[in-house]
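Survey of secondary and tertiary structure
Here's the letter readout for the chains.
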Amino acid sequence: MTKPPLTLYLAAPRGFCAGVDRAIKIVEMALEKWGAPVYVRHEIVHNKYVVDGLRAKGAVFVEELQDCPDDRPVIFSAHGVPKAVPAEAAKREMIYVDATCPLVSKVHIEAARHHDNGLQMIMIGHEGHPETIGTMGQLPEGEVLLVETVEDVATVEVRDPERLAFVTQTTLSVDDTIDIVAALQARFPKIVGPHKEDICYATTNRQEAVKAMAPKCDAMLVVGAPNSSNSKRLVEVGSKAGCAYSQLVQRAPDIDWRSLDGISSVGITAGASAPEELITEVIDAFRDRYDVTVEMVETAIENVEFKVPRVLREPA
């Protein structure tokens, strides 16, 4: 039987960013240096396939530092942790390695600088997300107020409207954040913002590629985890950019083929913590069912690389 023709549009950039790449490398190098087990507080990145792969090599994933023994190394995830966590690790004389993405660390430094200048912080982010918890945990209780929506801006209660600054989670939708920032600036004209947008280059680039690809596609699949903020934002961006069907899938077996019935073009992208082999797996699943032509939609070239901490580059 002849397979129906299908054009697959492949977004570039997609998948792993430099911060995720570095975080995974940190766990692998820690296992090489100290042997198994190495403990990791929270999922190192939000991707089950990646986490399962590291677990098989000897990484033990826990939610809190209290779940780690004192005598084994512990790694803090790419999303960042509240200040109290490394302080507690130091108190327990643990070996710890911080895999926080340098672009998240930059937001932490920014928040601390504003606090030192006597400003109260407003954070644009998602409640309960590890990155938000980590950033808010850099400062004392009540010094960082969280807003998630334009509506939240209207009700947020600040100490002094004249002495405010804002930061953002690095994985938000660029377009949604613009609206929230505008609302903050309208309500608090003296609010201080970051010199350069906190939303990271990888999040921005992946959203731009989706915007370029979406109008060409009958449907769009984002390869990523359901707890990955930047992956969920890609689904939303695809829908808003004119793609009638935009769906998050963890792996090829999750594809809902019935909803793709009768289509002639599909866009494929991946969140910043999804490895390329999962994208290949999805493409192969389409090749099994369709006569596939692949077209690249490239909107940026990324060549960012972050160094791993010195402790991992030194011999044991």
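Preceding this paragraph is the structure being described.
This write-up is about the structure you can find in this document.

**So, the side chain of His46**
- As for its position among the elements, His46 is in the loop between β2 (38-41) and α2 (48-57).
- Only 3.1 Å separates the side chain of His46 from the side chain of His42, close enough to count as a polar contact.
- Within the local environment of His46, its side chain forms a polar contact with the backbone oxygen of Asn227, the two atoms lying 2.9 Å apart.
- If sequence neighbours within four positions are ignored, His46 has contacts with His79, His129, Pro130, Ala225, Asn227, Ser228 and Ser273.

**Things to note about the packing of aromatic side chains**
- Taken as a whole and assessed by the stated rule, the structure comprises three aromatic pairs.
- Measuring from ring centre to ring centre gives 4.9 Å for Trp257 and Phe286, while their planes differ by 70 degrees; the resulting arrangement is edge-to-face. Here Trp257, found in the loop between β10 (245-249) and β11 (265-270), pairs with Phe286, found in helix α10 (residues 276-289); they are 29 residues apart in sequence, far enough to count as distant.
- Taken together, the aromatic side chains of Trp257, Phe286 and Tyr290 make up a single cluster linked through ring pairs.

**A word on the layout of surface pockets**
- Estimates place the volume of the largest pocket at around 230 Å³.
- Breaking the lining of the largest pocket down by element, the ones donating at least two residues are α1 (18-34) and α8 (201-213).
- In terms of residues, the lining of the largest pocket owes the most to one element, α1, which gives four residues.
- Taken as a whole, the second largest pocket encloses approximately 190 Å³ of empty space.
- Every residue lining the second largest pocket is listed: Thr132, Ile133, Met136, Gly137, Leu139, Pro140, Glu141, Gly142, Glu143 and Val144.
- With three residues, the top contributor of residues to the lining of the second largest pocket is helix α5 (residues 130-136).

**Quick word on the sheet that holds strand β8 (residues 164-168)**
- The strand order across the open sheet formed by three strands is β7-β6-β8, and the pairing between neighbours is parallel. Here the strands that pair on one side only, and so sit at the sheet edges, are β7 (144-147) and β8. Taking each pair of neighbouring strands and ignoring which way they run, the sheet shows an average axis angle of 30 degrees.
- The pairing of strand β6 (residues 120-124) with β8 spans five bridges and is parallel. Note on β8: the bridge partner recorded for Ile124 is Thr168.
- Sheet strands in contact with helix α4 (residues 102-116) are β6 and β8, and its direction is about 170 degrees off that of β8.
- Sitting on the sheet, helix α7 (residues 174-187) touches β6, β7 and β8, and the angle it makes with β6 is about 150 degrees.

What counts, and at which threshold
Residues numbered from 1 in each chain as written. Predicted model: local features only at pLDDT ≥ 70, side-chain atom pairs only at ≥ 80, totals over all residues. Heavy atoms only, no water. Helix = DSSP H or I, 4+ residues; strand = E, 2+ residues; numbered from the N terminus. Polar contact = N/O pair within 3.5 Å; in protein donor to acceptor, adjacent residues only side chain to side chain. Contact = heavy atoms within 4.5 Å. Phe/Tyr/Trp six-rings, centres within 6.5 Å; stacked < 30°, edge-to-face > 60°. 1 Å grid on protein atoms, 1.4 Å probe; cavity = no way out; pocket = protein on both sides within 12 Å on 5 of 7 lines; lining within 4 Å. Points joined across faces, edges and corners; volume = space filled by probe spheres on them. Pairing = 2+ DSSP bridges. Axes fitted to C-alpha atoms, helices over the stretch in contact; angles between N-to-C directions.

Remember that the coordinates give geometry; whether it matters functionally is a separate question.
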